[in-house]
Amino acid sequence: MWFLIRSILFLLPAELTHQLSHPFMRIIAPFLTPVSGSAKAKVGLAAGFDKNAEILTLLPKFGFGFAEIGTVTPKPQGGNDKPRLFRDPKRNALFNRMGFNNLGSGIISERVRRAKKLLPPDFLVGVNLGKNKITPDTEAASDYAKVAESFIDCADYFVINVSSPNTPGLRSLQKPEFLIPIVRAVQEKIQKGARSIPLYVKLAPELDESSLQEIVLALEGENIAGLVLTNTQSGIYIYRGKEYSGGYSGSPLTEIALQRLKEARKLTSLPIMSVGGIMTVRDAADRFNAGATQIQIYSGWIYGGPFFIRKLVRSLSK
Ligand SMILES: Cc1cc2nc3c(=O)[nH]c(=O)nc-3n(C[C@H](O)[C@H](O)[C@H](O)COP(=O)(O)O)c2cc1C
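The structure displayed is predicted, hence computed values, not measured ones. (Residues numbered from 1 in each chain as written. Predicted model: local features only at pLDDT ≥ 70, side-chain atom pairs only at ≥ 80, totals over all residues. Heavy atoms only, no water.)

Student: For this particular structure, what's the right way to read the overall build of the protein?
Tutor: A tally of helices and strands in the protein yields 10 helices and 12 strands. Here the C-alpha radius of gyration of the protein, 18 Å, is about what a compact globule of 318 residues would show, namely 20 Å. Expressed as lengths along the three principal axes of its C-alpha atoms, the size of the protein is roughly 50 × 50 × 40 Å. Burial analysis of the protein (318 residues in total) assigns 58% to the buried set. A sequence separation of at least 24 residues applies to 72% of the contacts in the protein between residues at least 6 apart. Of the roughly 13,800 Å² of accessible surface on the protein, 57% is carried by carbon and sulfur atoms. Positive and negative side-chain charges in the protein, numbering 40 and 27 respectively, have mean positions lying 8 Å apart. (Helix = DSSP H or I, 4+ residues; strand = E, 2+ residues; numbered from the N terminus. Rg over C-alpha atoms; globule rule 2.2 N^0.38 Å. Buried < 20%, exposed > 50% of the residue type's maximum accessible area, 1.4 Å probe, protein only. Contact = heavy atoms within 4.5 Å. Areas by Shrake-Rupley, 256 points an atom, 1.4 Å probe, with all protein chains shown as cover. Lys, Arg positive; Asp, Glu negative; His and termini not counted. Charge placed at Lys NZ, Arg CZ, Asp CG, Glu CD.)

Student: Explanation requested: the side chain of E68 in the structure shown.
Tutor: Within the fold, E68 resides in strand β2 (residues 66-72). There is no salt bridge for the buried E68, and the closest opposite charge comes from K202, which lies 4.8 Å off by N-O distance. A polar contact is formed between the side chain of E68 and the side chain of Y157, at a distance of 3.0 Å. If near-sequence neighbours (up to four positions away) are discounted, E68 is found in contact with L45, A46, A47, G48, G126, N128, Y157, V159 and Q296. (Salt bridge = Lys/Arg side-chain N within 4 Å of Asp/Glu carboxyl O. Polar contact = N/O pair within 3.5 Å; in protein donor to acceptor, adjacent residues only side chain to side chain.)

Student: Mind showing me how you'd approach the packing of helix α5 (residues 176-192) against helix α6 (residues 209-220) here?
Tutor: A packed helix pair is summarised by two numbers, namely the angle formed by the two axes and the spacing between the axes. Close contact between α5 and α6 brings their axes to 10 Å; oriented N to C, the two are set at 30 degrees. Classified by the interaxial angle, the pair formed by α5 and α6 is roughly parallel. Handedness of the crossing formed by α5 with α6: right-handed. In contact with P176, L179, I180 and V183 of α5, α6 contributes E214, I215, A218 and L219. Classifying every residue of the contact of α5 with α6 by side-chain character gives 7 nonpolar, no polar and 1 charged. (Axes fitted to C-alpha atoms, helices over the stretch in contact; angles between N-to-C directions. Parallel < 35°, antiparallel > 145°, perpendicular 65-115°, else oblique. Left-handed = near helix turned anticlockwise from the far one by under 90°. Nonpolar A, V, L, I, M, F, W, Y, C, P; charged D, E, K, R; others polar.)

Student: Mind showing me how you'd approach the sheet that holds strand β5 (residues 124-129) here?
Tutor: Two strands in a sheet stick together by hydrogen bonds in their backbones, pointing the same way (parallel) or opposite ways (antiparallel). Spatially, β1-β2-β5-β6-β7-β8-β11-β12 is the arrangement adopted by the 8 strands of the closed barrel, whose pairing is parallel. Pairs of neighbouring strands in the sheet enclose a mean axial angle of 25 degrees, with direction left out of account. Pairing between strand β1 (residues 43-45) and strand β12 (residues 294-297): 3 bridges, direction parallel. The residue bridging G44 from the neighbouring strand is Q296, located in β12. Along the sheet, helix α7 (residues 254-267) makes contact with β8 (226-229) and β11 (272-275), crossing β11 at roughly 165 degrees. (Pairing = 2+ DSSP bridges.)

Student: Would you take a moment to explain the sheet that holds strand β9 (residues 233-239) for this structure?
Tutor: Across the sheet, 4 strands lie side by side as β3-β4-β10-β9; this open sheet has antiparallel pairing. Since the sheet does not close on itself, it has two edges, and those belong to β3 (85-88) and β9, each with one partner. Neighbouring strand axes in the sheet, compared pairwise and without regard to direction, differ in orientation by 40 degrees on average. Both strand β4 (residues 93-96) and strand β10 (residues 242-250) contribute to a ladder of 4 bridges, which runs antiparallel. When the sheet's bridge partners are listed, A93 is paired in β10 with G250.

Student: For this particular structure, what's the right way to read the pairing of β4?
Tutor: As a general feature of sheets, a regular strand has side chains that alternate between the two faces. Where burial is concerned, the two faces of β4 agree: the one with A93 and F95 and the one with L94 and N96 are both buried. By the bridge criterion, 4 bridges tie β3 to β4 in an arrangement that is antiparallel. Following the sheet pairing, D88 is matched in β4 by A93. Adjacent in sequence and paired antiparallel, β3 and β4 are bridged by 4 residues, among which N92 carries a positive phi angle near 50 degrees.

Student: Explanation requested: the site of the ligand in the structure shown.
Tutor: Surveying the vicinity of the ligand reveals 24 residues, the closest of which are A47, T71, G250, G277 and S299. A47 is positioned with one of its backbone polar atoms (N or O) 2.7 Å from an oxygen atom of the ligand. A distance of 2.9 Å is found between an oxygen atom of the ligand and a side-chain nitrogen or oxygen belonging to K202. Expressed as a share of its isolated accessible area of 610 Å², the protein-covered part of the ligand is 98%. Secondary-structure elements contributing two or more residues to the shell around the ligand are β2, β4 and β10. Counted by class, the shell around the ligand contains 8 nonpolar, 14 polar and 2 charged residues. (Near = heavy atom within 4 Å.)

Student: Whenever I open this one, the pattern of salt bridges confuses me. Can you help?
Tutor: Opposite charge on two side chains permits pairing when their charged atoms draw close. Applying the stated rule across the entire model yields 12 salt bridges. The partner of K116 in a salt bridge is D156, with the nearest N and O atoms 2.4 Å apart. Remark: D156 occurs in the loop between α4 (140-150) and β6 (157-161) and K116 occurs in helix α3 (residues 105-118); sequence separation between them is 40 residues. The class for K116 is partly exposed, based on a relative accessible area of 25%. With relative accessibility at 19%, the residue D156 sits in the buried group. Across the salt bridge formed by D286 and R282, the nearest N and O atoms sit 3.1 Å from each other. Taken together, the residues span about one helical turn, with D286 and R282 both in helix α8 (residues 281-289) at a distance of 4 residues. A residue is classified by how much of its surface remains accessible, and R282, at 53% relative accessible area, is exposed. Sharing partners across several salt bridges, the network here consists of E110, R113 and D153.

The following block contains the structure:
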């Protein structure tokens with residue numbers, strides 16, 4: 001049934017379908033019974049789906065135990081020109097070059113504050129932190145810290161995102177000499193807040209084992225809560241004869257994200273949220289077997305349908 005509906009929805013431009021999914025979710029959420037099960041707390045919505053915290057309060061009904069909003073930047077920004085989101089159904093993949101379109105930390109933090117009052121207390125809201133495109137890399141740390149400061153009273157965890165392929169130069173911030181000052185700037189804001197907020201770092205799938213090792217070792221000295229592995233895989237997509245650069249999600253990432261998880265697991269006992277190409281219950285189980293503490297899903301929800309997460313949580317809880 002979902003396959004049929006999906007074929008019709010996939011006739012529309014991908015970003016339009018995404019926008020239409022929000023009112024659709026609002027309509028069906030009241031009819032869904034709550035999902036329970038021990039696995040629920042371990043399955044979350046990956047960053048980029050609810051960039052502006054518009055649908056947070058609906059997510060528990062769809063089976064999620066937590067969600068990561070954003071990427072949020074200090075100032076609002078429009079992102080790249082459209083088209084910037086594409087589907088590749090033959091490969092069960094998405095391709096995006098969004099470029100951190102978001103309403104900025106002021107508006108979004110206000111929304112999270114409101115949503116938190118309505119959400120179940122055990123539903124965690126993570127905030128994925130980013131920098132504005134116009135901020136030079138040398139001033140990046142202050143952007144990440146500013147966003148963290150806006151959410152200091154309402155975020156359940158933070159993620160430093162230095163791995164999106166769609167903000168020029170961002171991935172170079174994965175190098176410890178840039179990354180550690182960012183981590184410290186965010187930690188400084190957290191320490192000034194009333195609660196301790198776990199801080200994660202989200203990395204790219206292309207890191208080779210030695211770069212991953214260098215980063216993990218550097219982070220271990222920094223009171224980090226864990227890693228989010230991985231972001232999208234950078235690549236080229238050809239649409240109507242034009243080449244676009246951006247990042248692939250979905251099935252093309254399944255093996256590579258699992259591989260990065262296994263490598264990281266050998267290097268560290270830090271918690272790892274595994275994300276990338278989790279399209280089936282089997283994929284999810286593989287991640288937990290390989291040592292993931294939590295998993296996050298984006299493309300698997302698009303391809304598997306609105307009830308995929310509910311089914312996944314029930315199966316994993318058995
Ligand atoms: C349209 C789209 C937008 C995304 N935006 C972000 C983002 O703003 N920040 C981020 O850290 N990851 C972003 N991601 C990456 C996802 O969080 C996730 O790491 C990636 O899609 C792999 O998971 P998946 O295979 O389950 O989709 C985005 C992904 C997609 C498809």
